[in-house]
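Working through the structure, step by step
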Amino acid sequence: MAKILEDLKLTVIAGVVLTVIMIFATNAIYDSQMSAPEKAATDMMNNM
Amino acid sequence: MEAELFIIRYLHVLSGIMWIGILWYFNFVQIPSMPKIPDDQKPAISKVIAPEALFWFRWGAFFTVFFGLALAFRSGYMMDALMLREPNIGIGMWLGIIMAINVWFVIWPAQKIALGIVDADAALKPAMGRRAMLFSRTNTMLSIPMLASMISVQNPIM
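Here goes a summary of the coordinates provided. (Residues numbered from 1 in each chain as written. Chains lettered and ligands numbered in written order. Predicted model: local features only at pLDDT ≥ 70, side-chain atom pairs only at ≥ 80, totals over all residues. Heavy atoms only, no water.)

In terms of regular secondary structure, chain B is built from five helices and zero strands. When the elements of chain B are put in sequence order from the N terminus, they spell out α-α-α-α-α. By its C-alpha atoms, chain B is 55 × 30 × 25 Å across when sized along the principal axes. Considering chain B as a whole, with its 158 residues, one finds that 42% of them fall into the buried category. (Helix = DSSP H or I, 4+ residues; strand = E, 2+ residues; numbered from the N terminus. Buried < 20%, exposed > 50% of the residue type's maximum accessible area, 1.4 Å probe, protein only.)

Tallying secondary structure elements over chain A gives three helices and zero strands in all. From first element to last, N terminus to C terminus, chain A shows the α and β order α-α-α. A principal-axis box enclosing the C-alpha atoms of chain A has dimensions of 50 × 20 × 10 Å. For chain A, buried positions account for 17% of its 48 residues. Just so you have it, chain A exposes about 3,400 Å², and 71% of that area is on carbon and sulfur atoms. (Areas by Shrake-Rupley, 256 points an atom, 1.4 Å probe, with all protein chains shown as cover.)

If you want it as structure tokens, here you go:
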């Protein structure tokens, strides 16, 4: 980890990677909190 | 209520720009420039500019979190966000809180020793300077998803 943080470019790349992971994690948390009817409605909207 | 929320949000953003602006100045400008500065001119950075920047940096961090939590509390979503029932803003809030803890409890104490602001064993200075740099870099890395989380509240990505 220190090797990444010592290099500014690698630090920025790691930040971007973390951002992508965070976007998917946020989506997964939202999905896990949805009730079954809400999830069905969302899936239907996404497939339209 | 609307005016109050506007003022709190405005102060939150102003403090945040102060904090992250100086964080990025340290990491994108000052640290990479230090090896290029002649030794006799280095005290201008370590004795004058860095201590002044650190003052605005740490208080910017404090007031960003203070006004951010005040905004979340007055808007009624603080607990939902902190419990990640509102993960968009909640993840950003936690990243910001972790970063502010790094500033006040790791970076600032280490910088006080590294810059000679407090008396300490001279042998400790290089290690403290490295610790401050690594945690400052950690905050630079975390600032990228933190800011993405903050703006995703207005513009959801997925």
